[in-house]
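Breakdown of the fold
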Amino acid sequence: MSDWTLVFDGYDPALEGHREALCTLGNGYVATRGASPDSAADGIHYPGTYLAGGYDRQSTEVAGRTIENESLVNIPNWLPLTFRADGGPWFRLDDVEVLDYRQELDVSRGLLRRTLRFRDDHGRTTRWAERRLVSMADPHLAALSVELTAEGWSGRLTVRSAVDGSVTNTGVPRYGDLAHEHLDVLVQDHVGADTVLLRCRTKQSMLGIAQAARTRLYRDAVEIGGDHETFVVDGVVAHEVSCDIEAGAPITVEKIVSIYTSRDRAISEPRLEATGAVARAGRFDDLLAAHALAWKELWAACDVQVDHRDGEKIQLKVRVHIFHLLQTASPHTGDLDVGIPARGWHGEAYRGHIFWDEVFVFPYLSLHLPTLSRSLLEYRYRRLPEARRAARAAGFAGAMFPWQSGSNGREENQLLHLNPVSGRWVPDNTHRQHHINSTIAYNIWRYHQVTADHEFMYSYGAEMLFEIARFWASIAHHDPGTDRYVITGVMGPDEFHTAYPGADPDTAGGIDNNAYTNVMASWVLSHAAELADQLPAPRARSLFERLALEPAELEHWQHVSRRLRVPFHDDGIISQFDGYGDLEEFDWTRYERTYGDIHRLDRILEAEGDSPNRYKASKQADVLMLFYLFSAEELALLFEQLGYPFDHDTIPRTIDYYLARTSHGSTLSRLVHSWVLARSKRARSWDLFRDALDSDLADAQGGTTREGIHIGAMAGTSDLVQRCYLGVEMRANVLHFDPALPDDIDRVAVSLRCRGHLLDVEADHDTLTVRTRMFASGPLAIAYRRSYRDVAAGGTFTFALVKPGPRAVDENPGGRTAPRPPT
């Protein structure tokens, strides 16, 4: 197993869903799960294909209420390919004796290989050697090549290739009671002897989709004519071709597929484009050559090199994470109107919606593919009118972006969700996570810092920032008793606390003065006011007039930014929200002993008739997100702005306090905790980083990966290596580096884009080296601590690193969890 290839040996039906998600192939336009071509959705396999942003809405009666959900649609399955010998049964992996099985995902080329040998009921042994791609060179093309070798037998071979339009959305069992049929099949046809066509349309969103599939057989690189037949039945259009097969003489089956939709640019009509594209396409190896070249160029821009000294394959895991991020958001995404879905385009969990996970994605993308970051931010801008409508409907000013976004930017958060532990439908109040608005503002500001893309800021970013600031200024209300502004009835990133103990979540939901929410609101308000002063006068006049933005409103933003309430415990630790310190301690030991896996403690407690609202127990990092997003210096300035003392010594105590009270029910949690511990308790940080790397690779949450990978954790771990370990930070128009590699890593090397410059950055434990490519751009300064350099094209800058000082004592060296508090 190389640092570029993820390998699975042996066939285990129980692991197929997990492997299908991890072996998904995509190009930012379409993604196909790594299911066996002979399979159908049957509880073991789930062959799903998804268009980026391909949504549809359906309604269902649930618990006496009509619930409308918008879902990422499982579009027609282009994979179906099987065979039979001498008129016998069609090959199904689960119906034969598997002798050898190996599956390899080559992330360097975006190529999936499956090699298996099996014996059928007649004692015939056959070898199946498969290669598969979803083209990164042409987003509309995908291809499958299968080499079939008869071992010790000869006979009549019949190959069946199909496009299946009868598929439904059944990939997430807990959505099983919800409407799951989204497609109407309109056309099933054949085009010539070797090509079939299926055209369909989504039921509500009316998205037209056309798929054409060309299937040809080859012996010794020469096409075999064979006997051809076409079948149409129940939404499936199939093509069969027969020929003789001789022992030891391989037959190669190539299936080339094109996919077009009615929303694509520069097309006449999807059916016409799909049939034309598949007719023009070359053979599999021709497509592979172009596809591999596109991936080579992507890796040149996006690789993060990690020299690790033991056998854990850290380098491979990081590359697998980057690979899945680039399949979710690629250069092709720039032509689409889509965001970053929390579970990639790899499955149906969260219905393909866009949450706040982009805050873990943008820092990586902006330093490698900044034009892609801009495109994803424009997805938010195009939904600004809907966010304004949402704010007005809720009684607020400005723009209130949704916690879950899909097609048009309305709130897609479900009203009820199923607890699979209790089997009950319970209210879902996560729409109260208004901190998503600060995430969008933060992403805009950081993007502009790294790129100096002033035109984006003037044309799009400033307007969003101002409208988000308006929202925060209007939702905050003044408390005369404390002379502070308070924000009530919200939820923070910790989704365990939806209301106060005993409160009705429908009528009195949310908590008050979530520290993360309020500090981020203060940051947004002050930075929006700062931006208003920085805009060029003509652009400022135009925007202020259009938004009816007056100086008095800007002054009010500054005032609120300095007077928002932040709660504290008596010992100076930041309190997660008002009243958090009054909650009961949770008996972690008893529940871990009783249930083992308590990641989703909320589900366990609800099944018991209890609620995490009663306890000091968090699903994921909440207060600690502040230490993830901001340096200690930035936080000190923020708290000074708010009029609160900030003692740096409280940072490690705050981290320890919440780490001991967190179940890590989100894959993002260990990532954040690893980051905030990276400079103080490096052994524990390293363990948490390794756990975060394995979130999907080891399916750490016990079955969730099969429903879709976790894109925030994958992007965040890759970004942790480059920004946290290399200490990359844009501050005062200077790109700062401050490397501090874990003891287990010898070297990190990346290529970064910053303000038009292309920098090759490499660090070990002794030296930092920054090389600049010959690339015309404006001025850029870099720094290591107090050593500054003005970057010139083609220059090399070397810094001798200061050795870390004495480290904080780690009470749990090498441990996987923090000590739990007493109950």
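Check the entry above for the structure.
Please read these numbers as outputs of a predicted model, since none were measured by experiment. (Residues numbered from 1 in each chain as written. Predicted model: local features only at pLDDT ≥ 70, side-chain atom pairs only at ≥ 80, totals over all residues. Heavy atoms only, no water.)

Turning our attention to the side chain of Thr667. Residue placement: Thr667 occurs in helix H18 (residues 667–677). With residues up to four places along the chain from it excluded, the contact list for Thr667 reads Ser695, Gln701, His710 and Ala713. (Helix = DSSP H or I, 4+ residues; strand = E, 2+ residues; numbered from the N terminus. Contact = heavy atoms within 4.5 Å.)

Let's shift gears to the sheet that holds strand E27 (residues 757–763). Strand order in the open sheet formed by five strands is E19-E26-E27-E28-E31, and the pairing between neighbours is antiparallel. Edge positions in the open sheet fall to strand E19 (304–308) and strand E31 (796–800), since each of these has one partner strand only. On average, each strand axis in the sheet is tilted by 10° relative to the strand beside it, whichever way the strands run. Strand direction decides the pairing type here: strand E28 (residues 767–772) and E31, joined by five bridges, are antiparallel. Looking at E31, one finds that Arg771 is bridged to Thr796. (Pairing = 2+ DSSP bridges. Axes fitted to C-alpha atoms, helices over the stretch in contact; angles between N-to-C directions.)

In this section: the side chain of Asp453. Structurally, Asp453 can be placed in the loop between helix H8 (435–451) and helix H9 (454–475). A polar contact is formed between the side chain of Asp453 and the side chain of Tyr447, at a distance of 2.7 Å. In this structure, Asp453 is in contact with Arg374, Tyr447 and His448, ignoring residues within four places of it in sequence. (Polar contact = N/O pair within 3.5 Å; in protein donor to acceptor, adjacent residues only side chain to side chain.)

Once that is clear, we can look at the pattern of salt bridges. On inspection of all chains with the given rule, the structure shows 71 salt bridges. The shortest N-O distance in the salt bridge between Glu240 and Arg160 comes to 2.4 Å. Of this pair, Glu240 sits in strand E17 (residues 236–245) while Arg160 sits in strand E11 (residues 155–164), and the two are 80 residues apart along the sequence. Judged by its relative accessible area of 7%, Glu240 falls in the buried class. Overall, the relative accessible area of 29% leaves Arg160 in the partly exposed class. (Salt bridge = Lys/Arg side-chain N within 4 Å of Asp/Glu carboxyl O. Buried < 20%, exposed > 50% of the residue type's maximum accessible area, 1.4 Å probe, protein only.)

Any functional reading would require information beyond the geometric quantities listed.
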